[in-house]
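Architecture at a glance
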Protein chains: 2
Amino acid sequence: MSLSEFDLIERYFRHCGVKREDVCLGVGDDAAVLECPPGQRLVAAMDTLVDGVHFPHGAPPTSIGHRALAVNLSDLAAMGARAAWALLALTLPEAQESWLAQFAAGFAGLARRHNVALVGGDTTRGPLCVTVQILGHVQGSAMLRSGGRPGDALFVSGTPGDAAAGLALEQGRWPASPGSRYLRERFLFPTPRMELGERLREYASACIDVSDGLLGDAGKLAAASGCGAQICYADLPLSQPLLWAAGAERAHELALTGGDDYELCFSVGPGQIDRLLAQMPPQRWGYTRIGTLREAPGVDVVREGAVVAFAHSGYDHFSGPA
Amino acid sequence: MSLSEFDLIERYFRHCGVKREDVCLGVGDDAAVLECPPGQRLVAAMDTLVDGVHFPHGAPPTSIGHRALAVNLSDLAAMGARAAWALLALTLPEAQESWLAQFAAGFAGLARRHNVALVGGDTTRGPLCVTVQILGHVQGSAMLRSGGRPGDALFVSGTPGDAAAGLALEQGRWPASPGSRYLRERFLFPTPRMELGERLREYASACIDVSDGLLGDAGKLAAASGCGAQICYADLPLSQPLLWAAGAERAHELALTGGDDYELCFSVGPGQIDRLLAQMPPQRWGYTRIGTLREAPGVDVVREGAVVAFAHSGYDHFSGPA
């Protein structure tokens, strides 16, 4: 391992992502210097992926690079913000060139797609762990978790549960089935819903990104909004590959409690629903109504008139399945 | 371990640091929303501390919390920026309340001293590792590493080498001596030179923070400035406790190659030196002239007319001592 920290940064990270006019000083000094667009607010988030916790040990480095950025972009999407700059803290047991090249390619590919410049960070030696800090902008107000009201319709983008099934396949816990590859890709290369988030700012009363399981994350949105929610079991959008791989019962359960989807869950007030459906057709934008916010706290899933119970609602890092 | 991720954040980090008017939305949503002061540039840095690498395993949690913020503040100091907001990514093997309370106290104490609000981050389970991202502002241009010119005087703040000695004492590698406690404090609770950095912007041609050893970091400043440097062995500022603990020879070596000082090394053009010395008296501001930038690349340490050789010049995470 002859690659120095300096060479490593120079070779793989100095020109990772796009070049942006608003970066006065990028990678290579003690800090980055950035030009904030006047009249806009700065939006900042930071998420960590730990080896063996957020991805299986030995996961493809391209996927780790992609996901480290994607999970952060998804936080900006949930606020309705546009991404601009990222910083990367990479802790590695050793500086393996092929691993680094693939990791950087995964990160850079997604960065280019969303016009993100990598402007700084840190590389250190230790157990594999990746923290990305993302900075973006929002004009006017951001979407919060807390703006929902009883009576608002509740929506989710994409087909939740796919990523959890993809992880089970990736780990060899499930046998292959038609659509296995699609499911694995949903885990390895999630799509942050940037354009959807930015557009939703005009319509949504509240929004959260679905990272720890739809049931739990919808519950967080409802709680932050001072209300509860009812989710209709039959309305959950399930992908065909998930139904093939898991069967209908298990597919519904994964859609509600599986993690790593990085979709958006959002509420829309009664006065905005028609406008949303007309101006952003659900088929084109890929979202589905799944329920309604209500006065009573908590989240119920209703199936043929009865409330369904789940063993857990999502993932919590310090108390496990919640 | 019954503390959930949500409780942990709520209890220890929601109100960590100061309250600032420019924080529209802090800890608790998908991202923070921040108001950038008009006419100023944003300055961003990110540094990681890994258990057993950047601090000894079992180090006091108050120190870990302090240092995680201090090393980042020091990067802003080197740019001449004023700190405003921080994000914290904390990876922990388990959520131990007493550890968390002390860590948060160490972080918050320093944050309050420098008017920093903790606005977001992430807590995850895994091997102990702390990444802090710091955001600050600079009016006009930041100090870069690259602005030095041959003939500029080279300075350093504080008394480098103290932290490396403190670490040796902390790890029990050295016997106690008068001033041991002072040296250990220099390692455990380094002082980021924020006020000095901000004021130096008017005088310095280049600046870097000394984190990996003065010799190596002065070399980085010189190389970024397209020149070399000569350091005068006899002019190195050494603390009395370091001399007591290490003796004169070893003290000089530690001042040049020990890490973790978080002092500032800066160059000042001939036309600015008198003004600097008059308006910012070295005794009051705690800095010392140690050498001169020169045309010839590389850094030489000169002792009684001869160039001294050192086994290594500082610390590199991927190739070890450089």
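Within each chain, residues carry numbers counting from 1 in the order of the written sequence. Lettering for chains starts from A, numbering for ligands starts from 1, and both go in the order in which the items are written. In keeping with the predicted nature of the model, local features appear solely for residues at pLDDT of at least 70, side-chain atom pairs appear and are counted solely at 80 or more, and the whole-chain, interface and lining totals rest on all residues. The side-chain numbers reported here are obtained from all heavy atoms of the structure, hydrogens and water having been left aside.

Here's the deal with the interface of chain A and chain B
- If you look at the interface, chain A gives 62 residues, while chain B gives 62 residues.
- Accessible-area loss on putting two parts together, using a 1.4 Å probe and summing over both, is the definition of buried area adopted here. Summing both sides of the interface, chain A and chain B together bury roughly 4900 Å²; the carbon and sulfur share of this comes to 59%.
- Note on definitions: salt bridges are taken to be side-chain nitrogens of Lys or Arg within 4 Å of carboxyl oxygens of Asp or Glu. Across the chain A-chain B interface, the total number found is 6 salt bridges.
- Counting of polar contacts relies on pairs of N or O atoms within 3.5 Å, with two restrictions inside protein: one atom must be capable of donating a hydrogen and the other of accepting it, and residues adjacent in sequence are counted only when both atoms are side-chain atoms. Linking chain A to chain B there are 15 residue pairs in polar contact (both at pLDDT 80 or more).
- If one sorts the elements of the side of chain A that touches chain B by residue count, strand E3 (residues 41-50) of chain A sits on top with 9 residues.
- Per-class residue counts for the side of chain A that touches chain B are 36 nonpolar, 13 polar and 13 charged.
- A pair of strands counts as paired when DSSP detects no fewer than two bridges linking them. Numbering of helices and strands runs from the N terminus; a helix is a DSSP stretch of H or I covering at least four residues, while a strand is a stretch of E covering at least two. Examined bridge by bridge, E3 of chain A and strand E2 (residues 32-34) of chain B share 3 bridges and lie antiparallel to one another. Counterpart to Val-43 of chain A in the pairing with E2 of chain B is Val-33 of chain B. Contacts are residue-level and defined by heavy atoms, with any inter-residue pair within 4.5 Å sufficient. Polar here means any residue outside two lists: the nonpolar Ala, Val, Leu, Ile, Met, Phe, Trp, Tyr, Cys and Pro, and the charged Asp, Glu, Lys and Arg; Gly therefore counts as polar.

What to know about the confidence of the model for chain A
- Per-residue confidence from the prediction method is given by pLDDT, with values spanning 0 to 100. Overall, the prediction assigns chain A a mean pLDDT of 93, with 96% of residues at 70 or greater.
- This prediction of the complex comes with two scores: 0.92 for pTM and 0.91 for ipTM.

Notes on the environment of Pro-38 of chain A
All names here are of chain A.
- Among the structural elements, Pro-38 can be located in the loop between strand E2 (32-34) and E3.
- Only protein chains enter the calculation, and the probe is 1.4 Å; a residue is then buried if its accessible area is under 20% of its type maximum, exposed if over 50%, and partly exposed in between. According to the relative accessible area criterion, Pro-38 is exposed, its value standing at 76%.
- With 101 residues separating them in the primary sequence, Pro-38 and Gln-139 have C-alpha atoms 9.6 Å apart.

Regarding helix H8 (residues 240-257) of chain B
All names here are of chain B.
- To estimate the expected span of a helix, subtract one from its residue number and multiply by 1.5 Å. Taking 1.5 Å per residue, 18 residues should reach 26 Å; H8 reaches only 18 Å between its end C-alpha atoms and comes up short.
- Take the seven residues that end at a residue and the seven that start at it, fit an axis to each, and the angle between those axes is the bend at that residue. The axis of H8 is deflected most strongly, by about 115°, at Gly-247.
- By the burial criterion, the buried members of H8 are Pro-241, Leu-242, Ala-246, Ala-251, His-252, Leu-254, Ala-255, Leu-256 and Thr-257.
- Capping the start of H8, Ser-239 holds a side-chain oxygen 3.1 Å from the backbone nitrogen of Leu-242, two or three residues further along.

With respect to the environment of Asp-122 of chain A
- Considering the arrangement of structural elements, one finds Asp-122 of chain A in strand E5 (residues 117-125).
- Looking at Asp-122 of chain A, the relative accessible area reads 10%, which means it is buried.
- A polar contact of 2.9 Å, which involves the side chain of Asp-122 of chain A, links it to the backbone nitrogen of Thr-48 of chain B.

What to know about the side chain of Asp-22 of chain B
Residues and elements named next belong to chain B.
- Along the polypeptide, Asp-22 turns up in the loop between helix H1 (5-13) and strand E1 (23-25).
- For Asp-22, the side chain forms a polar contact with the side chain of Arg-20, separated by 2.8 Å.
- Contacts of Asp-22, omitting those with residues within four sequence positions, involve Val-33, Leu-34, Glu-35 and Trp-85.

Here's the deal with the side chain of Asp-209 of chain A
- Among the structural elements, Asp-209 of chain A can be located in strand E8 (residues 204-210).
- Under the counting rule used here, the positive set is Lys and Arg, the negative set is Asp and Glu, and His together with the chain ends is not counted. Arg-145 of chain A provides the closest opposite charge to the buried, salt-bridge-free Asp-209 of chain A, at an N-O distance of 5.4 Å.
- Of note is the side chain of Asp-209 of chain A, whose polar atom sits 2.7 Å from the side chain of Ser-74 of chain A.
- Setting aside its immediate chain neighbours within four residues, Asp-209 of chain A contacts Ser-74, Asp-75, Ala-78, Asp-217, Tyr-262, Glu-263 and Leu-264 of chain A together with Asp-30 of chain B.

Focus on the pairing of strand E4 (residues 82-92) of chain B
Residue and element names in this part refer to chain B.
- The element E4 is largely enclosed, with a buried count of 10 among its 11 residues.
- Bridge count for E4 against strand E6 (residues 129-138) is 9 bridges, and the pairing is antiparallel. Bridged to Leu-90 within E6 is Val-130.
- Relative to strand E5 (residues 117-125), E4 runs parallel, the two being bridged by 8 bridges. Its bridge partner lying in E5, Trp-85 is registered against Ala-117.
- At this point the chain moves from E4, through helix H3 (residues 97-113), to the parallel E5, and the crossover so formed is right-handed. Throughout, right-handed denotes a crossover for which the path from the first strand over the helix to the second runs clockwise when the strands point away from the viewer.

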